[in-house]
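Chain by chain, the residues:
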Amino acid sequence: MTSPADSSLAAEHARFDALVLPNLASLLRFAERRLASDGDAEDLVQEACIRAWLAFAELRDESKVKPWLFRILRSVMCDAAEKQGRRRQLVSITRLDDVHESLVGGEADVVFSEVAARLDAELLQRALSMIPEDFAVAVELHDLEGFKYQEIADIVGAPLGTVMSRMSRGRRMLAATIVEHRKAWALGGSTDDVTATRRRGAWGSA
Amino acid sequence: MSEQYLDLSLLSRGQPATDAEREAQHGVLASLLAAYTDGELPAETTSQIDAHLLGCARCRREVEVQRTLGARVRDLSASAPQVDVSGAEQRLRARLAALPHTTMPEVRPTVQRPRHIVRLVLIGCVALLLLAITVLATRGSWAAAGTAKGTVTVASVPLLGEVARDYARTMSSELPGRARDLDAVREAMPFAVEPLHVDGLRLLATWTTVLGGQPAAVFAYRWDDRIVLQYVLAEELLFRSPEVRASLAASGLAATGDGRPALIAWALPEAGSVLVGEVTPAALRGLWSRATGR
């Protein structure tokens, strides 16, 4: 015969499964983007889910389960990064600022919309891995995971104004990284390319 | 860079600004353009940026870059293939099942109520009813005493709850601004903003944030080995709460009586202010009293 305690535990398991498991794919994608190894990513997501299980009673509002889980995952990943002293090769921020400045100053020979249109998921991931983590995380949480700015502030434990600044600066650095590597990544998009295309079009229609 | 709301009237068409002012304000504006593009700014700030963009090609190009890149990244996310997590799910379930019972969370038990429990509950209800009658009878004097002391609770005043949450978030990370951004913060606010000046209190940083959907200024002070924050905000936010109004009318302040962090709210000539710190309410009141001369 099942005791009342066992029935309650089974009910909590079922509630946990219903709320947490549908978010597993998002959690894994986020962790895999941040880490070099898919195996490491799954380990950290499992750790986050275990912490979530142990803290399940603290989830008061079930509609906020996704940002709650991401906050826990972020905490797990920060703990792991501290222990491992992880470092990544980053593009010089000063260089990125210069590239971005020429882009918005109207001096660059690049049509950014053309370059962005040729970007694929793999190159996007590469570009995100080349900008500082705080900025990349903000852009990923908003543009890839669909969180609002206030939710991102709660997930990363930063004030709303800081998130606004990171989003702006993160996208600027991402754009500059993409432009900086467009030739190596065969993204084209120079104003010469656009002029040549228009010229061919004019000849073709003549 | 500090996160700042900006009075953009200086940049609107027809109004001159020095090159140095324009450059400094563009730096601040750059930190808001993603939020503008994503619809995350209050309506008033959005309108100000709309007006600025009419006359600034550089910022229009910046908005275009933000919009193009944001849209492209979202498109790539939407078209990404579904990840097969069945293996990961199985491994997670196995790991959760392997947890020893001592690590299980405390589960709220379903309670079965035998008859004697029901009797006890009824007796308890009667006792509560008698207590409620007593409270109602003395409510006038209690309320007067409470407001005369100026005490409120965070739970009963949404503004104080929002300030406490913003304080907690700020204390868990690096302070956003610097003390020399004070002029920019002053320019960004629609009301006068002045830090406290009192011995033993040193301004470390200042920035802007959003409270109740409106811009607010924040000052971070060092007080001995602690940080206290002062929020300067729109006066209508402060006077919105009936408890705060009653406290202010009775004693000139509205302060939390217990718990941490301690908060004190008071009215400024054209704004409101809330002081918050990880100290006792009595200590914070003492600081407030020295700072305001009340």
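What you see is a predicted model; the values in this text were computed from it and never measured.

With reference to specific residues and values, describe the nonpolar core.
Core analysis: the biggest nonpolar cluster contains 92 residues, and A:W68 and A:L174 have the highest contact counts within it. Top element by residues in this core is helix α10 (residues 160–180) of chain A. It accounts for ten residues. If sequence neighbours within four positions are ignored, A:L174 has contacts with A:L124, A:A127, A:L128, A:I131, A:V139, B:L69 and B:V73. Core analysis: the second largest hydrophobic core is formed by 52 residues, B:Y167, B:L182, B:V193 and B:L275 among them.

Explain the environment of A:Q46 to me, using residue names and the numbers behind them.
Secondary-structure assignment places A:Q46 in helix α3 (residues 38–54). Owing to a relative accessible area of 8%, A:Q46 belongs among the buried residues under this scheme. Sequence spacing of A:Q46 and A:L27 is 19 residues, and the spatial spacing of their C-alpha atoms is 9.7 Å. If sequence neighbours within four positions are ignored, A:Q46 has contacts with B:R91, B:L92 and B:R95. There is a polar contact of 3.0 Å between the side chain of A:Q46 and the side chain of B:R95.

Explain the environment of A:L35 to me, using residue names and the numbers behind them.
Along the chain, A:L35 falls in the loop between α2 (24–34) and α3. It is 9.6 Å that separates the C-alpha atoms of A:L35 and A:A81, two residues lying 46 residues apart in sequence.

Tell me about the side chain of A:R171, residues and numbers included.
Following the sequence through the fold, A:R171 ends up in helix α10. There is a polar contact of 2.9 Å between the side chain of A:R171 and the side chain of A:D143. Here A:R171 is in contact with A:V139, A:H142, A:D143, B:A34, B:D38, B:Q66, B:L69, B:G70 and B:R74, once residues within four sequence places are set aside.

Could you give me a rundown of the interface of chain A and chain B, with the residues and numbers involved?
Tallying the contact residues gives 57 residues for chain A and 48 residues for chain B. The junction of chain A with chain B conceals about 4800 Å² of combined surface from both sides, 62% of it contributed by carbon and sulfur atoms. For chain A, the biggest contributors to the area lost against chain B are A:V104, A:M164 and A:R171; these three give 12% of the whole. Across the contact surface, chain A and chain B share six salt bridges. Across the pair B:R91 and A:E42 runs a salt bridge, and its minimum N-O distance is 2.5 Å.

Tell me about the packing of aromatic side chains, and name the residues and values.
Scanning all chains against the criterion turns up eight aromatic pairs over all chains. Measuring from centroid to centroid gives 5.0 Å for A:F70 and A:F147, while their planes differ by 70°, and the two rings are edge-to-face. Of the two residues, A:F70 is situated in helix α4 (residues 65–84) and A:F147 in the loop between α8 (133–144) and α9 (149–156); the sequence distance between them amounts to 77 residues. Neither A:F70 nor A:F147 differs from the other in exposure class; each is buried. Ring geometry for B:W266 and B:W288: centres 6.1 Å apart, planes at 70°, overall edge-to-face.

Talk me through the layout of surface pockets; I want residue IDs and the actual numbers.
Put simply, the second largest pocket is a space of about 600 Å³. Mapped onto the lining of the second largest pocket, the elements with two or more residues apiece are α4 and α9 of chain A together with α7 (158–171) and β2 (201–211) of chain B. At six residues, the largest contribution of residues to the lining of the second largest pocket is made by α7(B). Grouping the amino acids of the lining of the second largest pocket by side-chain chemistry returns seven nonpolar, four polar and eleven charged.

Please give an account of empty space enclosed by the protein that cites residues and values.
All chains considered together, the criterion is met by one cavity of 30 Å³ or more. Contributing to the lining of the largest cavity are A:L24, A:L28, A:E42, A:V45, A:Q46, B:A88 and B:L92. For the lining of the largest cavity, the elements supplying multiple residues, two or more each, are α2 and α3 of chain A together with α5 (86–97) of chain B. For the lining of the largest cavity, the leading source of residues is α3(A), giving three residues. Class assignment of the residues belonging to the lining of the largest cavity gives a composition of five nonpolar, one polar and one charged.

The rules behind each value
Residues numbered from 1 in each chain as written. Chains lettered and ligands numbered in written order. Predicted model: local features only at pLDDT ≥ 70, side-chain atom pairs only at ≥ 80, totals over all residues. Heavy atoms only, no water. Core = buried A, V, L, I, M, F, W, Y, C linked by side-chain atoms within 4.5 Å. Buried < 20%, exposed > 50% of the residue type's maximum accessible area, 1.4 Å probe, protein only. Helix = DSSP H or I, 4+ residues; strand = E, 2+ residues; numbered from the N terminus. Contact = heavy atoms within 4.5 Å. Polar contact = N/O pair within 3.5 Å; in protein donor to acceptor, adjacent residues only side chain to side chain. Buried area = accessible area lost by both parts, 1.4 Å probe. Salt bridge = Lys/Arg side-chain N within 4 Å of Asp/Glu carboxyl O. Phe/Tyr/Trp six-rings, centres within 6.5 Å; stacked < 30°, edge-to-face > 60°. 1 Å grid on protein atoms, 1.4 Å probe; cavity = no way out; pocket = protein on both sides within 12 Å on 5 of 7 lines; lining within 4 Å. Points joined across faces, edges and corners; volume = space filled by probe spheres on them. Nonpolar A, V, L, I, M, F, W, Y, C, P; charged D, E, K, R; others polar.

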